[in-house]
Each structure stands twice: as C-alpha cells, then as structure tokens.
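Below are the chains, spelled out letter by letter.
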Amino acid sequence: MVTTLDISIEKTTKSRVGEYDVNDVPFGKCFSDHMFVAEYADGKWQQAYIKPYQDIPMSYAMSALHYGQAIFEGMKAYKNEKGEVSLFRPDANFRRLNKSAIRMAMPEVPEDIFMNGIFELLRLDSAWVPSSETGSLYIRPFLIATDEAIGVKASETYKFIIITCPAGKYYTEPIKVLVETNYIRAVKGGIGFVKAAGNYGRSLYPTKLAQQKGYQQVIWTDSETHQYVEESGTMNLMFVIGDTVVTPGLSDTILSGITRDSVLTLARDWGLRVEERKISIFEIIEAHEKGILKEAFGCGTAATIAQIVGIGYNGKDYPLPSVESRKFSPKVDETLRNIRKGREKDQHQWMVKVP
Ligand code: PLP
Ligand code: COI
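None of the values given here were measured: they were computed from a predicted structure. (Residues numbered from 1 in each chain as written. Chains lettered and ligands numbered in written order. Predicted model: local features only at pLDDT ≥ 70, side-chain atom pairs only at ≥ 80, totals over all residues. Heavy atoms only, no water.)

**Some details on the packing of helix H6 (residues 258-269) against helix H8 (residues 328-340)**
How two helices pack is summed up by the angle between their axes together with the distance between the axes.
Then, number 1: Orientation of H6 relative to H8, taken along the N-to-C sense of each, is 110 degrees, at an axis distance of 11 Å. Classified by the angle their axes make, H6 and H8 are roughly perpendicular. Contacts between H6 and H8 involve Ser262, Val263, Leu266 and Ala267 on the former and, on the latter, Phe328, Val332, Thr335 and Leu336. (Axes fitted to C-alpha atoms, helices over the stretch in contact; angles between N-to-C directions. Helix = DSSP H or I, 4+ residues; strand = E, 2+ residues; numbered from the N terminus. Parallel < 35°, antiparallel > 145°, perpendicular 65-115°, else oblique. Contact = heavy atoms within 4.5 Å.)

**Description of the domain arrangement of the protein chain**
Then, number 1: Taken domain by domain, the protein chain holds domain 1 (7-167) and domain 2 (175-340).
Then, number 2: Between the C-alpha centres of domain 1 and domain 2 there is a distance of 27 Å.
Then, number 3: At the boundary of domain 1 with domain 2, the tally comes to two salt bridges.
Then, number 4: Connecting domain 1 to domain 2 are twelve residue pairs in polar contact (both at pLDDT 80 or more).
Then, number 5: Elements with a minimum of two residues in the side of domain 1 that touches domain 2: strand S4 (70-72), strand S5 (75-79) and helix H2 (90-103).
Then, number 6: Among the elements that make up the side of domain 1 that touches domain 2, the one with the highest residue count is H2 (six residues).
Then, number 7: Partitioned by chemical class, the residues of the side of domain 1 that touches domain 2 number ten nonpolar, four polar and seven charged. (Domains from an automatic or database assignment. Salt bridge = Lys/Arg side-chain N within 4 Å of Asp/Glu carboxyl O. Polar contact = N/O pair within 3.5 Å; in protein donor to acceptor, adjacent residues only side chain to side chain. Nonpolar A, V, L, I, M, F, W, Y, C, P; charged D, E, K, R; others polar.)

**Remarks on empty space enclosed by the protein**
Then, number 1: Overall, the coordinates contain two cavities of 30 Å³ or more when judged by the stated rule.
Then, number 2: Taken as a whole, the largest cavity spans an internal volume of roughly 60 Å³.
Then, number 3: Lining of the largest cavity is provided by Gly74, Met75, Lys76, Tyr78, Phe88, Asn93, Ile258, Thr259, Thr301 and Arg340.
Then, number 4: Listing elements by their share of the lining of the largest cavity, those giving two or more residues are S5 and H6.
Then, number 5: Residue contributions to the lining of the largest cavity peak at three residues, all from S5.
Then, number 6: Three or more residues apiece are contributed to the lining of the largest cavity by two domains, here domain 1 (7-167) and domain 2 (175-340).
Then, number 7: In this structure, the second largest cavity encloses a volume near 40 Å³.
Then, number 8: It is helix H7 (residues 281-290) that provides the largest number of residues to the lining of the second largest cavity, a total of four residues.
Then, number 9: In terms of residue class, the lining of the second largest cavity is built from seven nonpolar, one polar and no charged. (1 Å grid on protein atoms, 1.4 Å probe; cavity = no way out; pocket = protein on both sides within 12 Å on 5 of 7 lines; lining within 4 Å. Points joined across faces, edges and corners; volume = space filled by probe spheres on them.)

**Things to note about the packing of H2 against helix H3 (residues 111-124)**
Then, number 1: Between H2 and H3, the least distance of the axes is 11 Å, while the angle of their chain directions is 135 degrees. One finds that H2 runs oblique with respect to H3. H2 and H3 meet at a crossing whose hand is right-handed. Residues Pro90, Asn93, Phe94 and Leu97 of H2 form the contact with H3, whose participating residues are Glu111, Phe114 and Met115.
Then, number 2: Tallied by class, residues from the contact of H2 with H3 come to five nonpolar, one polar and one charged. (Left-handed = near helix turned anticlockwise from the far one by under 90°.)

**A few points about the side chain of glutamine 217**
Then, number 1: Tracing the chain through its elements places glutamine 217 in strand S10 (residues 217-221).
Then, number 2: Residue class for glutamine 217 comes out buried when judged on its relative accessible area of 9%.
Then, number 3: Within the structure, glutamine 217 has its side chain in polar contact with the side chain of tyrosine 171 (distance 3.3 Å).
Then, number 4: Beyond its immediate stretch of four places on either side in the chain, glutamine 217 contacts Tyr171, Ile175, Lys176, Val177, Leu178, Thr207, Ala210, Ser232 and Gly233. (Buried < 20%, exposed > 50% of the residue type's maximum accessible area, 1.4 Å probe, protein only.)

**Quick look at the site of ligand 1**
Then, number 1: Taken together, the neighbourhood of ligand 1 is formed by 15 residues, with Lys195, Tyr200, Glu231, Thr259 and Thr301 sitting nearest.
Then, number 2: The separation between an oxygen atom of ligand 1 and a polar side-chain atom of lysine 195 is 2.6 Å.
Then, number 3: Interatomic distance of 2.7 Å between a backbone N/O atom of isoleucine 258 and an oxygen atom of ligand 1.
Then, number 4: Here ligand 1, which alone exposes 380 Å², has 97% of that area covered by the protein.
Then, number 5: One can see that ligand 1 is located within the largest pocket.
Then, number 6: Counting only elements with at least two residues in the shell around ligand 1, the list comes to strand S12 (235-241), H6 and strand S15 (293-300).
Then, number 7: Here the shell around ligand 1 is built from residues that sort into five nonpolar, six polar and four charged. (Near = heavy atom within 4 Å. Areas by Shrake-Rupley, 256 points an atom, 1.4 Å probe, with all protein chains shown as cover. Sits in = over half its atoms within 2 Å of the grid points.)

Here it is in structure tokens:
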C-alpha cells in the first residue's frame, strides 16, 4: 500500500528540552516537543501533520474509549557517538502495527506515513534523544478509533499518532516474578499476539496482586492448563537450560517480540542451540532442582533485557543463579547496546539512520 501525504509542520515556538536532563528522566513521563498525527476518514488517509505536543480534542463518545479499538507500538531511537540518530528495526514495528490493525478491524497505516512521520519527528526533536549509554528515545506510534458513536461497530474514522519520550531503564533492578495460575493474559483465538490496548488493561489487576506479594511482575501461563509459561509482563521470556537457549514458541497467545527475535538471532549467530517450544513450569522447576537452569530473563523494547532472579510458583520461591554468574544474557545486552550505539558491526542491518 503506497500513500504519500504531505506532512504540514507547525514547529513549537519554545522548546521544552532545556527543562529536562534527557539522560536522566523517569520512563514515559516527559514528552518531546512535537507529535505526529495522520487522520483517516471516508475510507482513506486524509492528512498528516506535526504540531507541538498537545492534548487530543475528543468526544466523550469516542469509540476507542468504550470498545477498545486502540493499538500501539513501542520502539526506540538511539544516538551514536557522532550524534547521529538511528532507529532499531522500525520495519518490524511497522509490520506488527498493521498485523494488530487487521485483527482489530482498523485500517492499515501506509509505510510511508509510518516511516516519514517518525523521520520528520526525529529530525525536529533530535535534541531529545539521550546520548547516555543506556538512554534512548522511546517512540510510541498508536492508532485509535475516533468515531463519535455509542453503537458497537468498527469505527469509520481513526487517528494515527506518534509521540516520543526520552527513556532510561524501565527496570532499575533485576526482578522477581510470580507464575500466575488464575488470571490469564491471552486465549487461543484472542488478541494476545497483537499489541492491543485491552491486553494491557486486563494485566494490571493480577500484576497488582503479585506486587503486593513482593514480586515485580507475573509470568503468564496458558489459559487451558496454566502449566505452560508464555510471557512475563510486557516481555518475552527466555531461559538458558544447560547450554540451550529456550523460549516459548510463538502462538496466537504470545506477542512476537522484536527483541525476542533479535536475541534468538544473536544466539544462533554465536552457534548456540536455540529451542522455541512449549515450556512447562515443571520443566523449569526440575531444571532449577538439577542446577541446570542457568539464566532467566525477560526481553522487550522498554525493558531491553530484564534479569529474573527469582521465580515464585505455588507458594514457593525459586531463587536463580546470580546475575554475575550469567554469560549469555549480559553478552546479548552488551552486543545489542553496541549495535545500537554504532560500535559493533550491524550484520543484520537492524539500524536505520534518520535521513
Ligand atoms: N510481550 C508483550 C506483551 C509486550 O507488550 C512487549 C513489548 O512490546 C513484548 C512482549 C516485547 O516485544 P518487543 O521486543 O517487540 O518490544
Ligand atoms: C514495550 O516494550 O515497548 C512495551 O510496549 C512495554 C510497555 C511500555 C507497554
């Protein structure tokens, strides 16, 4: 699908960037100077514009608010030592956004609108991209249904919006996770494989309960047996058992993470054995008891690599080997950082420089 829209640009008259230390801000709370909006109506994309970051004018009857026709992406831009800004695998986010759009009966966003919207924004707001070792500009493209209508039906109007915010670490410490055996994130035939807002809303209550028990996150299990681990919070799950990297195989209940794919690609590049398959919690506990569960971690755009240092299941805690003893995940973390910072050969052409 090719659609070219001219982007009209209204620049801010007063940048707010000086009000922050972009290398040291809490995740997702301060937004860059500009935002991108493209509007869809009458069966086609109508207009695209960049404006100073501001609220959306909306009706209280806006359909996204009532029936959850709302999808989003999460991606990051990095600044290298020369001050150049590059995106990590934006083509993969673009494809996933449209996979979500199709499942939620929303119009697909043309590649030109998605990519040029981000490029234009990043050219205007490059001063907001952190240059620190672990900093990045988090980019949040999202698509929402904007019909003013209370009836349950696919909206006829939409807004595709991109906002950005400087981001440091999502988890500042390694995490303890609780295997959730009552509530579920996703079901067969559902929407777990797409990035729909409703997946996150439903996750908050079980996560709150886990946090009250001293865990930072839950491990979601399959809805039928609660035996097979799927994801942790908003991250894909990885284990190193013996010398094998093991991760749950993709299905319609698991989001196909871009970080997940990158981690597996590096593991294969390094000649490691990789298995993408069902993993039961009993297998994890058995590996722990045999002393061959060497690493567990979550991976995702916001979190990057989040080390898991303890797993709770059925009233018992299973402490994992220290982060210092781990080999694979720290190497992955460092390699990804080096590729993103332009210090290591980008063999797979993951980085896309802002033109
Ligand atoms: N799983 C869920 C439910 C997520 O929300 C995310 C975050 O985007 C991920 C996994 C990791 O995906 P990615 O690596 O593409 O960010
Ligand atoms: C991401 O990793 O980009 C996410 O979407 C996680 C969260 C901030 C929703």
